[in-house]
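Analysis of the macromolecular model
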Amino acid sequence: MTETIPVPSDIAKNAHIDAETYQRMYKASVEDTEAFWRKEGERIDWITPYTRVKNTSFQSPNVYIRWYEDGTLNASANCIDRHLATRGDQTAIIWEPDAPTDEAKHITYRELHEKVCRFANVLKELGIGRGDRVVIYLPMIPEAAYAMLACARIGAVHSVVFAGFSPDSLANRINDCDAKLVITSDGAPRGGRTTNLKDNTNSALLHCKESVKCLVVRRTGQQVAWNAGQDYWLDALEATVDADCPPEEMGAEDPLFILYTSGSTGRPKGVVHTTGGYMVYAAMTHKLTFDYKDGEIYWCTADVGWVTGHTYIVYGPLANGAISLMFEGVPTYPDAGRFWAVCEKHKVATFYTAPTAIRALMGKGDEPVKAHDLSSLRILGTVGEPINPEAWRWYDEVVGAKRCPIVDTWWQTETGGHLITPLPGATPTKPGSATTPFFGIKPAVLDANTGEVLEGATEGVLVIADSWPGQMRTVWGDHQRFVETYFQHYKGYYFTGDGCRRDEDGYYWITGRVDDVLNVSGHRMGTAEIESTLVAHPAVSEAAVVGYPHDIKGQGIYCYVTLMSDKEPSEALRKELSDWVRSEIGPIAKPDLIQWAPGLPKTRSGKIMRRILRKIAEDDFGALGDTSTLADPAVVDDLIENRQNRK
Ligand code: ATP
Ligand code: MG
């Protein structure tokens, strides 16, 4: 029996959505989807109101997704202008720099308006207009948000590339979307070190059209290699342009941005999101999932290079007139208490981060958390991977002092916003479960092989039966790939690529990617379960499990294990872990091979790249595929060197 944690009564009392409201509204949202979204569309401001709400088809090959299609609006006006009369002097963005000794900035909505307008006018000066693509390659500085909103203001389509990516990755993305301009900075401080972003950009631009211009934000003041005629300083141009820029009137289905997925499973896809439906969904999910209340300090620790940063640092919070904290640094600089120091300093109420960060900080023990006053915290959130119950409990007990509901939000770059998530005042939680669907979302569980719809408590492939406004519209330049990737496997459904279990209460448990299901001696098993068991052992900080071909069992269980910083690897410990998994899950789950992994190969967003681990486990590391999105390629060499399955 898994435990159920009730909604704290003080939270339920004052929440936007309580349990009864959730039931009633959810029912209405799936029974008359059109009427539901017609009303919810009013959350944002329209220039021309929509009359048509939903026009979508999941029937391959004829897949199209259109919401509010005859409405017009501007996303940046929704994030800025509409708040000026009521909260012009309220902070919109709090910026916390990499070094704790540097001063934080508070940018009001009025200041944001001027910054974004000037930035937009600079873009126009550089010849950027409606529909043009602009790549943003910036550290976590306010200018990253200004740049996104400036693009939105003039109808240009932004594509943010995480500043940790290599020149190659950057060049690929500039070329794939045929960008006219790339926005970068001189340097990017992170964790006490500085990357020369301008140098990276210069290297990337060697592989792009000569006509691509480069706009440079001054962050560090360091020397940069300058290409006259191609490069422009933002500060120099900003001073010469007007402080006002009227927002362009955009169609609801005009693209707002392209974002390349993190590439955990293959070549990154240019996910296209459009304006109207995305803004409605971003605003609504931000407000309800985090039970956001006016005046609260809200902090999402993601990078703006990920969809989480788009929807839950910039568009969602700002559309709601929230105070959004942006952090330039890393959780462990200058020490493992930094996240908690920032929470204390800025009186953060909502804290939203990734399981990978939670596990890493859990590995450092409770002391760094306990050294700070976290009484301002009200809501905690996670996103990115299944969270192991062990890490969930630590987050709940040590960080949240058992007062703060945890929202484990399941969603994807493709979905634009949360699809399965608890609502703080409505949903009792279970550690490790993303719980129940958001309004308007119709999840279904299918048999992986037959595609048959499975009812009740069951396990299978997670699909979504109907569209929602935040859904991606296409893969940039390749609608065929969109149809093939998401709508061909199971006819009439959006295929998520994830497996899940649904329990007797209708709660969803994401078991990981469908590719990650093991078949050991005829038994199907999610790798996530074995990983969670390993992480529950006191010596283990992180674990990744993959299958490899096994003569007798079909697939063997190969475990990569990272130990707590104070533990040493030994044969005795290897045996102990093996026995531990056997006793916790059963003999069928007993690991065949355990490799000590000082580090795991992760994407820049902190997700374990299992396809690489599978290759190494198969002793087939010659063909690792695209590794350009790895955070630290050196990790792979160590794993290859110490692989356990040598043929
Ligand atoms: P690519 O699609 O390029 O392989 P990616 O899937 O890692 O990359 P994202 O869109 O950032 O790119 O991640 C979405 C995936 O992350 C989901 O499909 C799911 O596997 C996982 N995920 C996200 N949030 C959760 C969560 N709360 N619980 C479980 N898994 C999650
Ligand atoms: Mg994906």
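Each residue is numbered by its place in its chain's sequence as written, counting from 1. Each chain is given a letter, starting from A, and each ligand a number, starting from 1, according to the order in which they appear as written. With the structure being a predicted model, the display of local features is reserved for residues of pLDDT at least 70 and the display and counting of side-chain atom pairs for 80 or more, all residues being used for whole-chain, interface and lining totals. Computation of side-chain values covers all heavy atoms of the structure but excludes hydrogens and water.

Under the annotation held in an unreviewed UniProt entry, the protein carries the name Acetyl-coenzyme A synthetase and is attributed to Acuticoccus mangrovi. The record held by UniProt for the protein lists under Catalytic activity (unreviewed entry) the comment "acetate + ATP + CoA = acetyl-CoA + AMP + diphosphate". Its UniProt record gives the protein the following Sequence similarities (unreviewed entry) comment, quoted word for word: "Belongs to the ATP-dependent AMP-binding enzyme family." UniProt positions are given in the numbering used here, feature names are shortened, and annotations may be inferred rather than shown by experiment.

Moving on to the pattern of salt bridges. Counted as salt bridges are all cases of a side-chain nitrogen of Lys or Arg within 4 Å of a carboxyl oxygen of Asp or Glu. Per the counting criterion, the structure on display carries 39 salt bridges. Its salt-bridge partner being Glu-328, residue Arg-219 comes within 2.8 Å of it at the nearest N-O pair. Note that Arg-219 is positioned in the loop between strand E11 (213-217) and strand E12 (231-233) and Glu-328 in the loop between strand E17 (323-327) and helix H13 (338-346), a separation of 109 residues in sequence. The classification of residues rests on relative accessible area computed with a 1.4 Å probe and restricted to protein chains. Under 20% of the type maximum is buried, over 50% is exposed, and intermediate values are partly exposed. Note on Glu-328: relative accessible area 2%, which makes it buried. Here Lys-615 and Asp-620 are joined by a salt bridge, their closest N and O atoms 3.5 Å apart. Residue class for Asp-620 comes out partly exposed when judged on its relative accessible area of 33%. The helix and strand labels rest on DSSP assignments: H or I over at least four residues marks a helix, E over at least two residues marks a strand, and numbering proceeds from the N terminus.

This brings us to helix H17 (residues 479-487). For H17, the set of buried residues is Arg-481, Phe-482, Val-483, Tyr-486 and Phe-487. Looking at the buried positions of H17, the neighbouring elements they touch are strand E2 (64-67), strand E24 (474-475) and strand E25 (494-502). Contact criterion: two residues are considered in contact whenever any of their non-hydrogen atoms come within 4.5 Å of each other.

We now examine unusual backbone geometry. Note the cis peptide between Ser-60 and Pro-61, where omega equals 5 degrees. Within the fold, Pro-61 resides in the loop between strand E1 (54-57) and E2. In this chain, Tyr-333 is followed by Pro-334 through a cis amide linkage whose omega measures 0 degrees. In this fold, Pro-334 is placed in the loop between E17 and H13. Located in the positive-phi region is Tyr-68, a residue other than glycine, with phi close to 50 degrees. Look at Lys-347: it is not a glycine, yet its phi comes out positive at around 55 degrees. Among the secondary structure elements, Lys-347 is positioned in the loop between H13 and strand E18 (350-353). Residue Lys-347 is classed as exposed on the basis of its relative accessible area, which comes to 56%.

The seven strands are arranged E5-E4-E17-E16-E18-E19-E20 in an open sheet whose pairing can be described as mixed. In this open sheet, the two strands that pair with only one neighbour each are strand E5 (105-108) and strand E20 (406-408). Strand-to-strand twist in this sheet, taken as the mean axis angle between neighbours without regard to direction, amounts to 20 degrees. Note on pairing: two strands pair once DSSP finds at least 2 bridges between them. Here three bridges tie strand E16 (residues 297-300) to E18, and the two strands are oriented parallel to one another. Bridged to Tyr-298 within E18 is Thr-350. Under this scheme, a helix contributes an axis fitted over its contacting stretch, all axes are lines through C-alpha atoms, and angles between N-to-C directions fall in the 0 to 180 degree range. Lying on the sheet, helix H12 (residues 307-319) is in contact with strand E4 (91-96), E16, E17 and E18; it crosses E16 at an angle near 160 degrees.

Feature annotation in UniProt places "binding site: ATP" (unreviewed entry) on Gly-384, Glu-385, Pro-386, Asp-408, Thr-409, Trp-410, Trp-411, Gln-412, Thr-413, Asp-498, Arg-513 and Arg-524, given in this structure's numbering. For this annotated set, covering 141 residues, the C-alpha atoms extend up to 27.7 Å from each other, a dispersed arrangement in space. Here, the second largest pocket is lined by Pro-386 and Arg-524 out of the annotated residues. Residue placement: Trp-411 occurs in the loop between E20 and strand E21 (443-446). By relative accessible area, Trp-411 is classed as buried at 8%. Leaving out residues up to four positions away in the same chain, Trp-411 has contacts with Val-307, Thr-308, Thr-311, Tyr-312, Tyr-352, Val-383, Gly-416, Gly-417, His-418 and Leu-419. Two N or O atoms count as a polar contact when they lie within 3.5 Å, although within protein this holds only if one can serve as hydrogen donor and the other as acceptor, and sequence-adjacent residues are included solely when both atoms are side-chain atoms. In terms of polar contacts, Trp-411 uses its side chain to reach the side chain of Tyr-352, at 3.2 Å. Here Asp-498 shows up in strand E25. Apart from the residues within four sequence positions on either side, Asp-498 is in contact with Trp-410, Gln-412, Val-461, Leu-462, Ile-510, Gly-512, Arg-513 and Val-514. A pocket here means an open set of points on a 1 Å grid, computed over the protein atoms alone, that has protein on both sides within 12 Å along at least five of seven lines. A cavity is instead a set of points where a 1.4 Å probe fits but cannot get out; residues with an atom within 4 Å of a point line either one.

Ranked by internal contacts, the top residues of the largest apolar core, which has 167 residues, are Leu-112, Ile-183, Tyr-315 and Phe-439. For this core, the element with the most residues is helix H7 (residues 142-154), which contributes 10 residues. Those residues in contact with Tyr-315, other than ones at most four positions away along the chain, are Ala-75, Cys-79, Met-148, Leu-149, Ala-152, His-158, Leu-256, Phe-257, Tyr-278, Met-279 and His-310. Residues enter a nonpolar core if they are buried and are Ala, Val, Leu, Ile, Met, Phe, Trp, Tyr or Cys, with the set joined through side-chain atoms within 4.5 Å. Among the nonpolar cores identified, the runner-up in size contains 27 residues, and Val-135, Ala-204, Val-212 and Val-216 belong to it.

So, about empty space enclosed by the protein. Grid points are joined across faces, edges and corners, and a volume is the space filled by probe spheres set on the points. Scanning all chains against the criterion turns up one cavity of 30 Å³ or more. Taken as a whole, the largest cavity spans an internal volume of roughly 40 Å³. Lining the largest cavity are Ala-75, Ala-152, Gly-155, Ala-156, Met-250, Pro-255, Leu-256 and Thr-275. Think of it as three bins: nonpolar holds Ala, Val, Leu, Ile, Met, Phe, Trp, Tyr, Cys and Pro, charged holds Asp, Glu, Lys and Arg, and polar takes everything else, Gly as well. In terms of residue class, the lining of the largest cavity is made up of six nonpolar, two polar and no charged.

What follows covers the side chain of Thr-56. Tracing the backbone shows Thr-56 in strand E1. Separated by 3.0 Å, the side chains of Thr-56 and Lys-54 make a polar contact. The contact partners of Thr-56, leaving out residues within four places of it in the chain, are Tyr-64, Ile-65, Arg-66, Trp-67, Asp-466 and Ser-467.

Here the focus is the sheet that holds E25. The antiparallel open sheet is built from five strands, whose spatial order is E22-E21-E23-E25-E26. Of all the strands in the sheet, the pair left with one neighbour each is strand E22 (453-454) and strand E26 (508-513). In this structure, strand E23 (residues 458-464) lies alongside E25, joined through six bridges in antiparallel fashion. The residue bridging Val-461 from the neighbouring strand is Gly-499, located in E25.

A large share of E23 lies buried, amounting to six of its seven residues. Bridging between E21 and E23 involves four bridges; their strand directions are antiparallel. Residue pairing in the sheet places Val-445 in a bridge with Leu-462 of E23.

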